[in-house]
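Structural features, examined
Listed below are the residues making up each chain.
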Amino acid sequence: LNPAYPDETITLTAVVSPIPDGGTLTFSYNSNFDGYGPIAGGDHLPVDPSTGVVTWTGTFDQSRTIVALYYGTSVFASSTSACDGRTRSTTSRVA
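It should be emphasised that the depicted structure is a prediction, and the values quoted were computed from it without experimental measurement.

Digging into the overall build of the protein chain
- Counting secondary structure elements, the protein chain contains zero helices and six strands.
- Listed N to C, the secondary structure of the protein chain is β-β-β-β-β-β in terms of helices and strands.
- A buried classification covers 33% of the 95 residues belonging to the protein chain.
- Here the protein chain displays about 5700 Å² of accessible surface, and carbon together with sulfur accounts for 49% of that area.

Structural notes on unusual backbone geometry
- Put simply, serine 17 and proline 18 share a cis peptide bond, and its omega is 0 degrees.
- With respect to the secondary-structure elements, proline 18 resides in the loop between β1 (10-15) and β2 (24-29).
- Of note in this structure, histidine 44 is not a glycine but carries a positive phi near 50 degrees.
- For histidine 44, a relative accessible area of 43% corresponds to the partly exposed category.

Things to note about the nonpolar core
- Grouped together as the largest cluster of nonpolar side chains are 17 residues, with contacts concentrated most on Leu12, Leu25, Phe27, Ile39, Trp56, Phe60 and Ile66.
- When contributions to this core are tallied by element, the ones reaching two or more residues are β1, β2, β4 (53-58) and β5 (64-70).
- Once residues lying within four places of it in the same chain are set aside, the contact partners of isoleucine 39 are Leu12, Phe27, Ser28, Tyr29, Trp56, Phe60 and Ile66.

Thoughts on the layout of surface pockets
- Each pocket or cavity is described by its volume, and for the largest pocket that value is around 230 Å³.
- The biggest single contributor to the lining of the largest pocket is strand β6 (residues 79-85), with five residues.
- Looking at the lining of the largest pocket residue by residue, the class counts come to twelve nonpolar, five polar and no charged.

Section: the confidence of the model for the protein chain
- Summary statistics for the protein chain give a mean pLDDT of 79 and a share of 77% for residues scoring 70 or more.
- The least confident element of the protein chain, judged by mean pLDDT, is β6 at 73; the most confident is strand β3 (residues 45-46) at 96.
- Confidence drops under a pLDDT of 50 for residues 90-95, and excluding neighbours within four residues, the segment shows seven contacts in the predicted structure.

With respect to the environment of glutamine 62
- As for its position among the elements, glutamine 62 is in the loop between β4 and β5.
- Glutamine 62 sits 58 residues away from alanine 4 along the chain, and the two C-alpha atoms are 9.4 Å apart.

Side note on the pairing of β5
- Taking burial as the measure, the seven residues of β5 include five buried ones, the bulk of the element.
- Across five bridges, the pairing between β2 and β5 is antiparallel. Considered in β5, the bridge of threonine 26 is made with leucine 69.

Thresholds applied
- Residues numbered from 1 in each chain as written.
- Predicted model: local features only at pLDDT ≥ 70, side-chain atom pairs only at ≥ 80, totals over all residues.
- Heavy atoms only, no water.
- Helix = DSSP H or I, 4+ residues; strand = E, 2+ residues; numbered from the N terminus.
- Buried < 20%, exposed > 50% of the residue type's maximum accessible area, 1.4 Å probe, protein only.
- Areas by Shrake-Rupley, 256 points an atom, 1.4 Å probe, with all protein chains shown as cover.
- Core = buried A, V, L, I, M, F, W, Y, C linked by side-chain atoms within 4.5 Å.
- Contact = heavy atoms within 4.5 Å.
- 1 Å grid on protein atoms, 1.4 Å probe; cavity = no way out; pocket = protein on both sides within 12 Å on 5 of 7 lines; lining within 4 Å.
- Points joined across faces, edges and corners; volume = space filled by probe spheres on them.
- Nonpolar A, V, L, I, M, F, W, Y, C, P; charged D, E, K, R; others polar.
- pLDDT = per-residue confidence, 0-100.
- Pairing = 2+ DSSP bridges.

Here's what the structure looks like:
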């Protein structure tokens with residue numbers, strides 16, 4: 001685990017397996033989808049049909065519980081998985 005500092009750029013990566021024939025994935029705040037919604041710029045991202053990989057790059061201002069929600073296709077069922085979007089509680093860095 002290597003938490004980022006607040007507002008430091010991070011990348012979230014999800015791998016859908018087995019590799020689907022397409023579909024989309026959303027990175028969302030909180031694990032229960034209780035109105036917090038998708039991460040800005042992380043809604044309905046296309047799944048690469050050759051690798052199953054989806055990435056999002058951005059920043060967080062604080063620790064977040066993140067889930068990846070794969071919406072599925074006519075052949076592949078939808079799925080949800082937790083991921084870790086931790087941010088350090090301080091903005092100062094020690095050199």
